[in-house]
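# Fold and geometry: a report
In case you want the letters, here they are:
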Amino acid sequence: MTPRRAATPASATSHQLWGGRFAGGSHPALVAVNRSIGVDIRLWPYDVELSKAWATAIGEAGVLTGAEVRKMRAGLDRVHRKLAAGVEPTASDEDVHTLVDRLLHDEIGAVASRLHTGRSRNDQVATGSRMLVMRELADILGAAKAVQKSLYDRARTVGDALMPAYTHLQRAQPVLAAHWLLAHFWAIERDRRRLTDARRSAGVLPLGSGAIAGSAFRVNRKRLARTLGFHSISPNSIDAVGDRDFMLDAVYALSTLGTHLSRLAEDLILFGSAEFGFVRFGDAFSTGSSMMPQKRNPDALELARGSAARVTGHLVSLLTMLKGTPSGYNKDFQDDKRALFDALDAMHLLLPAVAGTVHTLRFNTSRMRDAVTGSMMATDLADHLVRKRATFREAHAAVGSLVRSAEERNLELNELEPSEILDAHRLFDKSVMRDLDPAITISHRELDGGTGPGAVARQLAAARRTLRT
Ligand code: ARG
């Protein structure tokens, strides 16, 4: 393609916010690469709201008359209605700020041109993006809580069902199934804390920073902050227009949440396989195969694993994008919204699907119980000796020899002759056979955070209290 100026720049520049200093129109290739309306249109409710607040603020600073402020605010309300009704951008709308400005001109004419006094799209886009993060993270917090609620409900109803807990995906020790479900509950609880922190980090108002050096009109930024739901104002205009930490915080919190959903998904996918058979996915949350009629696939969970990868990719993109930029605003930042929005969308979509999958799981508690084999009580046999003052190391060695001998004959520890166990260490006595019962094993783990029935009941109560916050 031969580089050339656009023959008729009118369509691309008819409502530009910046064309004046150039002799001709922009090359179509520049127009195309520069145009962000397809992505940032999502900011329109915030751009309209912050524009209304800005009109009031510059009115108070003496830039607009009272009548002009009223006209502008009423015009912006009509712009809001139009956009809510689905009015489409035209080819000349470079980005959401240009779009709102053009629509305001359509509504109130030339006086609209006074709105952009003392502000820049640089402080505007930072402000709007922060407002969006605060709003959307509130929704995500609610949806994350719904996942916790389904985990909690299932933990409560699964009762005293036993299952193996795994380390290295090898059968390790028996636990209550409720304990396993609550493990995922607490991970998501930490996500809610991180998301709450990320909302707070978005709550610092950049508006008033202008392009980089602050506005020449002395607007009351603190009042502006209160009006727009920010808890404080940015202390430095250069930092304010170049700061995307709030996006990093949000996308980090989202990618950690995604990682937790992915790990929950991985547990469930494994446990739903015929080989484990611990859970069965509800019809409403299973998909079939176009070829194999017998299939019951947990697609939502697999998508949770996949989306976690994508969201983590967005975190890396944002960090990488930022590290190369000089202070202040750079156009590189235009792409931040792709990463942020997709990370938000991934979680908006996934959380209800994961909550529903958990809610409709059927547990096969006898399969779970059958998977708890006698050798998983090896640690309990060692603990038995320790209670009788053997050192753990010595106990470990004695029980290790029993495990080896059982394994050689393809037996579980509980299938050995009691006499063989008693012979393995002088401190073993008959009561050791009780320690091979998983229910007894579990009852020894009543310390806080353990899997004893009492400890798990306390954990459930704590989880319930957490859900109230
Ligand atoms: N569309 C731009 C963005 O998303 C808005 C800010 C543009 N600022 C500028 N100086 N061109 O970052």
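Residues numbered from 1 in each chain as written. Predicted model: local features only at pLDDT ≥ 70, side-chain atom pairs only at ≥ 80, totals over all residues. Heavy atoms only, no water.

### Examining the pairing of strand E2 (residues 170-176)
Inspection of the sheet shows strand E1 (residues 162-167) paired to E2 by six bridges, in the antiparallel sense. Counterpart to Tyr 166 in the pairing with E2 is Arg 171. Where E1 folds back on E2, the antiparallel hairpin that results is connected by two residues, among which His 168 adopts a positive phi of roughly 55°. (Pairing = 2+ DSSP bridges. Helix = DSSP H or I, 4+ residues; strand = E, 2+ residues; numbered from the N terminus.)

### Quick notes on a positive patch on the surface
Taken together, the side chains of Arg 156, Arg 464, Arg 465 and Arg 468 present a region of like positive charge at the surface. In this structure, Arg 156 sits in helix H7 (residues 121-157). (Patch = residues over 30% accessible without salt bridge, like charges linked within 9 Å, V, L, I, M, F, W, Y side chains within 5 Å. Areas by Shrake-Rupley, 256 points an atom, 1.4 Å probe, with all protein chains shown as cover. Salt bridge = Lys/Arg side-chain N within 4 Å of Asp/Glu carboxyl O. Lys, Arg positive; Asp, Glu negative; His and termini not counted. Charge placed at Lys NZ, Arg CZ, Asp CG, Glu CD.)

### Focus: helix H5 (residues 66-84)
Helix length check: H5, at 19 residues, gives a terminal C-alpha distance of 27 Å against a target of 27 Å (1.5 Å per residue), a fit within 8%. Among all positions of H5, only Glu 68, Val 69, Met 72, Gly 75, Leu 76, Val 79 and Leu 83 are buried. Down the axis of H5, the smallest arc covering the buried residues is 130°, so these residues share one side. Those residues of H5 that are exposed and angled more than 90 degrees off the buried face are Arg 70, Arg 81 and Ala 84. On its buried face, H5 is in contact with helix H4 (44-60) and helix H6 (96-108). (Expected span 1.5 Å × (residues − 1). Buried < 20%, exposed > 50% of the residue type's maximum accessible area, 1.4 Å probe, protein only. Arc of directions from axis to C-beta. Contact = heavy atoms within 4.5 Å.)

### A look at the packing of helix H15 (residues 378-387) against helix H16 (residues 392-408)
Their axes nearest at 8 Å, the elements H15 and H16 cross at an angle of 140°. One finds that H15 runs oblique with respect to H16. Considering how the two elements wind past one another, H15 and H16 form a crossing that is right-handed. Two secondary-structure elements touch here, H15 through Ala 378, Leu 381, Ala 382, Asp 383, Leu 385 and Val 386 and H16 through Phe 392, Ala 395, His 396, Ala 398, Val 399, Leu 402 and Val 403. Partitioned by chemical class, the residues of the contact of H15 with H16 number eleven nonpolar, one polar and one charged. (Axes fitted to C-alpha atoms, helices over the stretch in contact; angles between N-to-C directions. Parallel < 35°, antiparallel > 145°, perpendicular 65-115°, else oblique. Left-handed = near helix turned anticlockwise from the far one by under 90°. Nonpolar A, V, L, I, M, F, W, Y, C, P; charged D, E, K, R; others polar.)

### Quick notes on the confidence of the model for the protein chain
Considering every residue of the protein chain, the mean pLDDT works out to 94; 97% of them sit at 70 or more. Here residues 1-13 scores under 50 on pLDDT; set against residues more than four positions off or in separate chains, the count is 18 contacts. (pLDDT = per-residue confidence, 0-100.)

### Section: the nonpolar core
Residues Leu 254, Leu 261, Leu 340, Met 347 and Leu 351 are the most contacted members of the largest nonpolar core, which totals 111 residues. Formed by 20 residues, the second largest nonpolar core is a distinct cluster that contains Leu 381, Ala 382, Ala 395 and Val 432. (Core = buried A, V, L, I, M, F, W, Y, C linked by side-chain atoms within 4.5 Å.)

### Overview of the site of the ligand
Every residue lining the ligand is accounted for by Ser 36, Asp 40, Asp 95, His 97, Arg 121, Asn 122, Val 125, Tyr 329, Lys 331, Gln 334 and Lys 337. Between the ligand and the protein, one listed contact pairs an oxygen atom with a side-chain N or O atom of Tyr 329 at 2.4 Å. Considering the ligand on its own, with 340 Å² of exposed area, one finds that the protein chains cover 86% of that surface. With three residues, the top contributor of residues to the shell around the ligand is H7. (Near = heavy atom within 4 Å. Polar contact = N/O pair within 3.5 Å; in protein donor to acceptor, adjacent residues only side chain to side chain.)

### Here's the deal with the side chain of Thr 441
By the element assignment, Thr 441 lies in helix H18 (residues 438-443). At 3.4 Å, the side chain of Thr 441 and the side chain of Asp 380 are in polar contact. If sequence neighbours within four positions are ignored, Thr 441 has contacts with Pro 174, Met 377, Asp 380 and Asp 435.

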